[in-house]
Amino acid sequence: MITRLNKYLSECGIASRRKSDELIQEGRVQVNGSTVFELGTKINPDKDEVYVDGEKLKEQKKVYFLLNKPIGVITSTSDEKNRVTVVDLIKTKEKIFPVGRLDYNTSGVIMLTNDGEFSNYLTHPKNGIEREYTVKIDKPLELEDKEKLLKGIYLDNRKSKFTSVTFPKKNIFKLVNVTTVEGRNHFVKRMFDALGYGVNELSRIRYGKINVKNMKPGEYRIITEKEVKMLMK
Ligand code: URA
């Protein structure tokens, strides 16, 4: 079946479709011996031979993992400074990559897979998948600021908001649970920073319907087929 090259690359577990486009533009992808730069290139996986960085691709078995990311681990497949990555924490022969990202000092839910379609679906803002975070801020959240976070403030000239802001512990206003469908880098920290609050601790406690309750930092498990289907609904 004819398919787009970036889709095929993501199905082979190379990277998300967007990242695959970057690889194409960087001249790292060959089809039948010729380097392709055209982003809309279509191929037939049954007939065409595709190479990335000189290595021939074959479709892989799809795998899905859920990790409770500890702080002090980077969300990447490799690190030039040799720091531990989320991929290092998972024992698998498959070439997996993280779905979205968490900062070095953020803990909590991170999924890893070799399924680019799964990753695209979960990270694309148009699909409205909720992420929930527990945030420890450096001073109590004022009620009027809570309203601003819900109504929307401007980040990068774009109205940005949380869909819910609650206090998980009664009468403690430095501990806040926020929910968002945004995946922009440092989004939670930047939202608080815009109103003059520093974030001292940040943990993602839920992504769609997936959470890491009862999992210790550093612990991981396979995401079941049923859960994969539920997440992609
Ligand atoms: N928002 C942030 O600021 N950091 C994260 O790691 C995740 C969301």
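Residues numbered from 1 in each chain as written. Predicted model: local features only at pLDDT ≥ 70, side-chain atom pairs only at ≥ 80, totals over all residues. Heavy atoms only, no water.

Undergrad: Is there a simple way to explain the packing of aromatic side chains in this structure?
TA: How two aromatic rings sit relative to each other is set out by the distance from centre to centre and by the angle between their planes. Taken as a whole, this structure holds six aromatic pairs when the rule is applied. The interplanar angle of 80° and the centroid separation of 5.9 Å between the aromatic rings of Phe-65 and Tyr-220 together place this pair among those described as edge-to-face. One end of the pair, Phe-65, is in strand E7 (residues 64-69); the other, Tyr-220, is in strand E17 (residues 220-222), and 155 residues separate them in sequence. The buried category is assigned to Phe-65, whose relative accessible area is 7%. Measuring from centroid to centroid gives 5.9 Å for Phe-162 and Phe-187, while their planes differ by 90°, and the two rings are edge-to-face. Residue Phe-162 is located in the loop between strand E12 (158-160) and strand E13 (164-166), and its partner Phe-187 is located in helix H5 (residues 187-194); the two are separated by 25 residues in the primary sequence. Taking the relative accessible area as the measure of exposure, Phe-162 reaches 1% and is therefore buried. (Phe/Tyr/Trp six-rings, centres within 6.5 Å; stacked < 30°, edge-to-face > 60°. Helix = DSSP H or I, 4+ residues; strand = E, 2+ residues; numbered from the N terminus. Buried < 20%, exposed > 50% of the residue type's maximum accessible area, 1.4 Å probe, protein only.)

Undergrad: Honestly, unusual backbone geometry in this entry has me stumped. Any pointers?
TA: For residues other than glycine, phi is negative in most cases, and the peptide bonds are mostly trans. The phi dihedral of Asn-82 is positive, around 65°, even though this residue is not glycine. Checked against the element boundaries, Asn-82 lands in the loop between E7 and strand E8 (97-98). The exposure class assigned to Asn-82 is exposed, which follows from its relative accessible area of 73%. The residue Asn-214 is not glycine, and still its phi comes out positive at about 70°. What makes Asn-214 exposed here is its relative accessible area of 79%.

Undergrad: Before we go on, may I ask you to explain the sheet that holds strand E6 (residues 55-56) in this structure?
TA: Adjacent strands of a sheet form backbone hydrogen bonds with each other and so pair up, either parallel or antiparallel. The antiparallel open sheet is built from four strands, whose spatial order is E3-E2-E5-E6. With one partner strand each, in any of the chains shown, strand E3 (34-35) and E6 form the two edges of the open sheet. Here strand E2 (residues 29-31) runs beside E3; their pairing, made up of two bridges, is antiparallel. Of the residues in E3, the one forming a bridge with Val-31 is Ser-34. (Pairing = 2+ DSSP bridges.)

Undergrad: I keep staring at the environment of Tyr-104 and nothing clicks. Help me out?
TA: On the secondary structure map, Tyr-104 appears in the loop between E8 and strand E9 (106-113). Owing to a relative accessible area of 41%, Tyr-104 belongs among the partly exposed residues under this scheme. Taking the C-alpha atoms as reference points, Tyr-104 and Gly-208, separated by 104 residues in sequence, lie 22 Å from one another.

Undergrad: Whenever I open this one, the domain arrangement of the chain confuses me. Can you help?
TA: Each assigned domain of the chain is listed here: domain 1 (3-56), domain 2 (64-125 + 212-231) and domain 3 (130-207). The centre of domain 1, based on its C-alpha atoms, is set 39 Å off from the matching centre of domain 3. (Domains from an automatic or database assignment.)

Undergrad: Which parts of the structure should I look at to understand the environment of Glu-219?
TA: Along the polypeptide, Glu-219 turns up in the loop between strand E16 (210-211) and E17. Residue classification places Glu-219 among the partly exposed residues on the basis of a relative accessible area of 32%. In this structure the C-alpha to C-alpha distance between Glu-219 and Lys-159, which are 60 residues apart in sequence, comes to 36 Å. Setting aside its immediate chain neighbours within four residues, Glu-219 contacts Leu-66, Leu-67, Asn-68 and Asn-214. (Contact = heavy atoms within 4.5 Å.)

Undergrad: What's the story with the nonpolar core in this structure? I'm lost.
TA: In this structure, Leu-112, Phe-162, Val-178 and Phe-192 are the most contacted members of the largest nonpolar core, which totals 28 residues. Breaking this core down by element, the ones donating at least two residues are E7, E9, strand E10 (131-137), strand E11 (153-155), strand E14 (175-180) and H5. Here the element with the most residues in this core is H5; it accounts for four residues. Counting residues domain by domain, this core receives three or more from each of domain 2 (64-125 + 212-231) and domain 3 (130-207). Those residues in contact with Phe-192, other than ones at most four positions away along the chain, are Val-135, Ile-137, Leu-141, Leu-149, Phe-162, Val-178, Tyr-197 and Val-199. If you look at the next biggest cluster of nonpolar residues, it comprises 15 residues, including Ile-210, Val-212, Ile-223 and Val-228. (Core = buried A, V, L, I, M, F, W, Y, C linked by side-chain atoms within 4.5 Å.)

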